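# Geometric and topological summary
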Amino acid sequence: MAEADHKILSAEIKLGSQYYFYMETQTALAVPDEDNCIVVYSSIQAPEYAESTISRCLGIPEHNVCVITRRVGGGFGGKAMKAIPVATACALAAYNLRRPVRMYMNRKTDMKTTGGRHPMEVTYNVGFKEDGKITALHLDILINAGIGTDISPIIPLFMVGAIKKYDWGAFSFDIKVCRTNHSSKSAMRGPGEVQGTFISEAAIEHVASVLSMDVDSFNMCNKWRQRGISRVPIVHEVLLRSNPGKVSILGDGSVAVEVGGIELGQGLWTKVKQMTAFSLSAIKCDGMGDFLDKIRIIQANTLSLIQEGLTAGSTTSECSCEAVRICCNILVERLTRIKENLQEQMGSVEWGILILEGF
């Protein structure tokens, strides 16, 4: 800061919250089953998390709890942790009443309980040269986490990653995650990164305003802005998580596929289906036709495929496809040996004949 020609001290930014506005609000259906078991149909991005919570709440083993998710009608992070209380409450009522129970929040209740994006109060000091070169930035940030923890402890990590997209010279910060009497806040599409980007751009704009840099002169010396149109750089840390997959070929040659990823409208099932068709087509059998018609993606089931994890971070589709690709490669390797033997006897080999021989 001592090297700066100009300083902006104690400038303030207040960032409000934001609601998800997914089409489908929080919902769940719980059905008691035999042997002290329960089946819960939940609109959730992390069925495994709901299974664990329901198990602890009801005092039964996790293998007695089956959480099924066919698809989610919009999530954006709001169906990750916030869907767990709804699924658990529904399961508790069904377990005690021994009858099916369905819960569906109306929009007003959903908006009150879900929380949304983290509000923040920011105070920043920035030092800069006459030519606009920034030499120092210090941030004091108060994050309103609400009444519960949720994912709030990791928000500062994402914020700092987004802010460091620029060279601020000497960069320092003091970020406090605050417990308040508001509803707890949760992950929302680029959690922390959106706020960090806004803070960065606000500081840049403030510096340009103090130096009275108009559009023409600013265009000549700043590559991120041309002809008055902003080009805002974004830094997003891609986190790859382990994701399970299972590919089963049935006796008639049809294929059933299970993956840990949840279909949220992002096209995950379509990608997985395409990857399955592409990978299995390497066997190059006759009569395969439109192989996509032979493939079905099965809904997520916590007892059928474990360690599903969380569908979030814009990488689950790719991780699910990779899991399926590995499964298909193993199947192709096994079937190739059978195909070679059949070719010696029959010449051309059709897909259905190959699978029957494999069985």
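Look above for the structure.
All of the points below concern the structure found in this document. (Residues numbered from 1 in each chain as written. Predicted model: local features only at pLDDT ≥ 70, side-chain atom pairs only at ≥ 80, totals over all residues. Heavy atoms only, no water.)

### Focus: the pattern of salt bridges
One pass over the full model with this rule turns up eight salt bridges. We note a salt bridge from Lys-79 to Glu-24, for which the minimum N-O separation is 3.3 Å. Of the two residues, Lys-79 is situated in the loop between β4 (65-69) and α2 (83-97) and Glu-24 in the loop between β1 (6-15) and β2 (27-33); the sequence distance between them amounts to 55 residues. Each of the two residues, Lys-79 as well as Glu-24, counts as buried. Among the ionic pairs, Lys-165 bridges to Glu-201, the shortest N-O distance being 3.2 Å. Taken together, the residues span a long stretch of sequence, with Lys-165 in the loop between α4 (155-163) and β8 (170-179) and Glu-201 in helix α5 (residues 193-210) at a distance of 36 residues. Relative accessible area serves as the criterion here: at 17%, Glu-201 is assigned to the buried category. (Salt bridge = Lys/Arg side-chain N within 4 Å of Asp/Glu carboxyl O. Helix = DSSP H or I, 4+ residues; strand = E, 2+ residues; numbered from the N terminus. Buried < 20%, exposed > 50% of the residue type's maximum accessible area, 1.4 Å probe, protein only.)

### Section: unusual backbone geometry
For Arg-98, which is not glycine, the phi torsion reads 55 degrees and is therefore positive. Looking at where Arg-98 falls in the secondary structure, it is placed in the loop between α2 and β5 (101-104). The class of Arg-98 is partly exposed, set by a relative accessible area of 45%. The phi dihedral of Asp-150 is positive, around 50 degrees, even though this residue is not glycine. Turning to its location among the elements, Asp-150 is positioned in the loop between β7 (134-146) and α4.

### Points about the environment of Val-86
For Val-86, the location among the structural elements is in helix α2. It is 33 Å that separates the C-alpha atoms of Val-86 and Ala-162, two residues lying 76 residues apart in sequence. Setting aside residues no more than four positions away along its own chain, Val-86 makes contact with Gln-26, Thr-27, Ala-28, Met-103 and Met-105. (Contact = heavy atoms within 4.5 Å.)

### With respect to the layout of surface pockets
A volume near 920 Å³ is recorded for the largest pocket. Lining the largest pocket we find 36 residues, and of these Arg-189, Pro-191, Ala-312, Gly-313 and Ser-314 sit closest to its centre. Elements with a contribution of two residues or more to the lining of the largest pocket: α5 and α8 (316-346). The class makeup of the residues in the lining of the largest pocket is 16 nonpolar, 14 polar and six charged. (1 Å grid on protein atoms, 1.4 Å probe; cavity = no way out; pocket = protein on both sides within 12 Å on 5 of 7 lines; lining within 4 Å. Points joined across faces, edges and corners; volume = space filled by probe spheres on them. Nonpolar A, V, L, I, M, F, W, Y, C, P; charged D, E, K, R; others polar.)

### A closer look at α5
Compared with the 26 Å implied by 1.5 Å per residue over 18 residues, the 26 Å span of α5 between its first and last C-alpha is a close match. Of all the residues in α5, the buried ones are Glu-193, Gln-195, Gly-196, Thr-197, Ile-199, Ser-200, Glu-201, Ala-203, Val-207 and Ala-208. Two residues or fewer past α5, Ser-212 is found with a positive phi of approximately 55 degrees. (Expected span 1.5 Å × (residues − 1).)

### Digging into the pairing of β7
With 10 of 13 residues buried, β7 lies mostly within the body of the structure. Of the strand pairs in this sheet, strand β6 (residues 120-128) and β7 are connected by nine bridges, and their pairing is antiparallel. Bridge pairing in β7 links Val-122 to Ile-141. Following β6, the chain reverses through five residues before pairing antiparallel with β7; Gly-132 in that reversal takes a positive phi of roughly 95 degrees. In this structure, β7 lies alongside β8, joined through 10 bridges in parallel fashion. Across the sheet, Leu-139 pairs through a bridge with Phe-173, a residue of β8. Read as a crossover between parallel neighbours, the route from β7 over α4 to β8 is right-handed. (Pairing = 2+ DSSP bridges. Right-handed = clockwise from strand over helix to strand, strands pointing away.)

### Observations regarding the nonpolar core
In terms of nonpolar packing, the biggest core is built from 28 residues, with Val-257 and Trp-351 touching the most fellow members. Those elements giving two or more residues to this core turn out to be β11 (245-249), β12 (255-259), α7 (268-280), β13 (295-297), α8 and α9 (351-358). Per element, the largest residue contribution to this core is eight residues, and it comes from α8. Residues within four places of Val-257 in sequence aside, it is in contact with Lys-246, Val-247, Val-272, Thr-276, Ile-295, Arg-296, Ile-297, Ile-298 and Val-324. If you look at the next biggest cluster of nonpolar residues, it comprises 27 residues, including Ala-11, Phe-128, Val-160 and Val-207. (Core = buried A, V, L, I, M, F, W, Y, C linked by side-chain atoms within 4.5 Å.)

### A look at the state of the cysteines
Tallying each qualifying case throughout the model produces zero disulfides. Cysteine Cys-66 remains unbridged, with the sulfur of Cys-37 as its closest cysteine sulfur at 9.2 Å. With relative accessibility at 9%, the residue Cys-66 sits in the buried group. No disulfide involves Cys-327; its sulfur sits 6.7 Å from that of Cys-328, the nearest cysteine. (Disulfide = S-S within 2.5 Å.)

### Topic: the packing of α4 against α5
Two elements in contact, α4 and α5, have axes separated by 7 Å at closest approach and are oriented at 40 degrees. In this view, α4 runs oblique relative to α5, as classed from their interaxial angle. The element α4 and its partner α5 pack so that their crossing is right-handed. The segment α4 lies against α5, with Phe-158, Met-159, Ala-162 and Ile-163 engaging Glu-193, Gln-195, Gly-196, Thr-197, Ile-199 and Ser-200. The residue inventory of the contact of α4 with α5, partitioned by class, reads five nonpolar, four polar and one charged. (Axes fitted to C-alpha atoms, helices over the stretch in contact; angles between N-to-C directions. Parallel < 35°, antiparallel > 145°, perpendicular 65-115°, else oblique. Left-handed = near helix turned anticlockwise from the far one by under 90°.)

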